[in-house]
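Read off the chains here:
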Amino acid sequence: MAKSVAGPEIEKLIQLLAKLPGLGPRSARRAALHLVKRREQLLTPLTAAMAEARDKIGICSTCGNIDSRDPCTICTDHARDQATVVVVEDVSDLWALERAKALNAAYHVLGGVLSPLEGVGPEDLTIRQLIDRIEAGGVKELVIAVNATVEGQTTAHYIMDRLEGLDVKVTRLAHGVPVGGELDYLDEGTLAAAMRSRTAL
Amino acid sequence: MEWREEAIVLGVRRHGETSVIAEVMTRSRGRHLGIVRGGRSRRQQPVLQPGNTVEAHWRARLDEHMGTFILEPLTLRAASLIESAAALNAVQLAAAHLRLLAERDPHPRLYDGLAVILEHLAEPQTTSALMLRFEIALLEELGFGLDLAQCAATGQTSDLVYVSPKTGRAVSREAGAPWHDKLLPLPAFLAKEGGDEGAAEIAQGFRLTGYFLARNVFEPRGLKEPEARHGLIAALAKDARREAV
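Only a predicted model underlies this, so the values are computations on that prediction, with no experimental measurement involved.

### With respect to the overall build of chain A
Then step 1. On a plain count of helices and strands, chain A comes out with seven helices and six strands.
Then step 2. Moving toward the C terminus, one meets the helices and strands of chain A in the order α-α-α-β-β-β-α-β-α-β-α-β-α.
Then step 3. In terms of C-alpha radius of gyration, chain A reaches 22 Å, well past the compact-globule figure of 17 Å for 201 residues.
Then step 4. Dimensions of chain A along its principal axes, counting C-alpha atoms only, are 65 × 45 × 35 Å.
Then step 5. Scored against the burial criterion, the 201 residues of chain A give a buried share of 34%.
Then step 6. Across chain A, every contact between residues at least 6 apart in sequence was considered, and the portion connecting residues at least 24 apart equals 45%.
Then step 7. Positive and negative side-chain charges of chain A, numbering 23 and 27 respectively, have mean locations separated by a distance of 10 Å.

### Points about the layout of surface pockets
Then step 1. Its volume calculated, the second largest pocket comes out at about 730 Å³.
Then step 2. The wall of the second largest pocket is formed by 28 residues, among which P116(A), K224(B), E225(B), P226(B) and E227(B) lie closest to the centre.
Then step 3. Its residues assigned to classes, the lining of the second largest pocket comprises 11 nonpolar, 10 polar and seven charged.

### Details of the pairing of strand β4 (residues 53-59) of chain B
Residues and elements named next belong to chain B.
Then step 1. Burial within β4 is extensive, with five of its seven residues counted as buried.
Then step 2. Pairing of strand β1 (residues 2-15) with β4 involves seven bridges; the strand directions are antiparallel. Bridging from a neighbouring strand, I8 pairs with T53 of β4.
Then step 3. Direction of pairing for β4 relative to strand β5 (residues 68-75): antiparallel, over a ladder of seven bridges. Each residue of the ladder has a partner; that of W58, found in β5, is F69.

### Thoughts on the interface of chain B and chain A
Then step 1. Tallying the contact residues gives 26 residues for chain B and 25 residues for chain A.
Then step 2. Roughly 2,200 Å² is buried in total at the junction of chain B and chain A, and carbon and sulfur atoms are behind 54% of that figure.
Then step 3. Its largest share of buried area at the contact with chain A, chain B owes to I82(B), E83(B) and Q92(B), together 24% of the area lost on that side.
Then step 4. Along the contact surface separating chain B from chain A lie five salt bridges.
Then step 5. Among the ionic pairs, K224(B) bridges to E123(A), the shortest N-O distance being 4.0 Å.

### Examining the UniProt feature "domain: DNA replication/recombination mediator RecO N-terminal" (unreviewed entry) in chain B
Then step 1. Here the UniProt feature "domain: DNA replication/recombination mediator RecO N-terminal" (unreviewed entry) sits at residues 1-69 of chain B.
Then step 2. Taken as a whole, residues 1-69 of chain B contains 0% helix and 55% strand, while its terminal C-alpha atoms sit 12 Å from one another.

### Describing the domain arrangement of chain B
Residue and element names in this part refer to chain B.
Then step 1. If you check the domain split of chain B, you get domain 1 (2-76) and domain 2 (80-148 + 186-244).
Then step 2. Put simply, the middle of domain 1 and the middle of domain 2, counted by C-alpha atoms, are 24 Å apart.
Then step 3. Listed by partner, the interface residues are 22 residues for domain 1 and 19 residues for domain 2.
Then step 4. Considering only the surface of domain 1 that becomes buried against domain 2, M25, R27 and R31 emerge as the three largest contributors, covering 41% of it.
Then step 5. Linking domain 1 with domain 2 are three salt bridges.
Then step 6. Put simply, E23 and R99 hold a salt bridge, and the shortest N to O gap is 2.6 Å.
Then step 7. When residues of the side of domain 1 that touches domain 2 are traced back to their parent elements, those giving at least two are β1, β2 (19-26) and β3 (30-36).

Conventions used here
Residues numbered from 1 in each chain as written. Chains lettered and ligands numbered in written order. Predicted model: local features only at pLDDT ≥ 70, side-chain atom pairs only at ≥ 80, totals over all residues. Heavy atoms only, no water. Helix = DSSP H or I, 4+ residues; strand = E, 2+ residues; numbered from the N terminus. Rg over C-alpha atoms; globule rule 2.2 N^0.38 Å. Buried < 20%, exposed > 50% of the residue type's maximum accessible area, 1.4 Å probe, protein only. Contact = heavy atoms within 4.5 Å. Lys, Arg positive; Asp, Glu negative; His and termini not counted. Charge placed at Lys NZ, Arg CZ, Asp CG, Glu CD. 1 Å grid on protein atoms, 1.4 Å probe; cavity = no way out; pocket = protein on both sides within 12 Å on 5 of 7 lines; lining within 4 Å. Points joined across faces, edges and corners; volume = space filled by probe spheres on them. Nonpolar A, V, L, I, M, F, W, Y, C, P; charged D, E, K, R; others polar. Pairing = 2+ DSSP bridges. Buried area = accessible area lost by both parts, 1.4 Å probe. Salt bridge = Lys/Arg side-chain N within 4 Å of Asp/Glu carboxyl O. UniProt positions renumbered as here; feature names shortened; annotations may be inferred. Domains from an automatic or database assignment.

Written out as structure tokens, the structure is:
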């Protein structure tokens, strides 16, 4: 059995760091050592930032985004078109769309997609909150921006069914050739979808 | 241990940061799981969509291990499915039904049924009729087969219009008349004689298989009817309404 070379405190730090995405036990050990060596420049401010994040960051009760305010910065931004709501699977998708500056709209984070294999049903997502939000009024267009996967699109159709009878325009992202994509490497279905959605030049 | 076989992807679940556990259906090895290294990559994800046909290469040190898959695409259908709610729900429903089977237990009839459904996903009415036959075959494979060939009371093989909810056996129009309200309607296209596969008959068929699936399969296992089944029935009803207008 390997002998421990450090006290329980550092072992605990390594174990916790190893749970972060992208870090395994070996890289967690390196990160822990790096933090301990740079106590003042890194460890102390990181501890303070994490404590602040723990105390202040929460989930927006309107859209499901994460922020230190509730309602979040996006939901209270009057410069945005609050009548257009982009429905995304996860906060990371919201961030991706914001980076793209594609639409100056509000968002709704579903918290995942319907997945029988992962045991995710409609009650595990924020679909009810989305419907309540639309029923409350003020939303004119809903852009369903879920992933182009079977599970993502099944969720999109499920939402569309649930919205039947509500006075809201529902749109979704186009499917087709990605920028940098080579036709030769695309699957037949994507090519067919791209051809169906062709536009005039 | 190692094998290679054509397979249909039923679904994947995350495994660590970069890999997935893929669930596929094969003709001779049934429903089989395996780890796909790098399954969450941009290159692999389109291949791992439910409904795609792949060439599966499975390897493990021992047969009882989960093992790893290398999946090469043969027919990628996912992109053509996503336009149609009926097609998406049909794929998800077939996968949910196949999950009722024990792992690595071969069911070639259900594999063939699934392959035929996947070939007809562009035609919702045909898909739904095939799905009903698939559900009847599933009940049979699980040991709860319906007997739709002859009347349980008289033995006659024609004019079968009911199914007994108790026995799952067909009943003729004449023999079933006194119990009309208690018997389940049997759509003509599921009977031996065949008949129209219209929207009303399809809806009757789903009520019939739904009853026996709920009673014999879902309820004893403490399961709810798959959401995709409701989705498929709703999508078909919507298509029928659209066509009527």
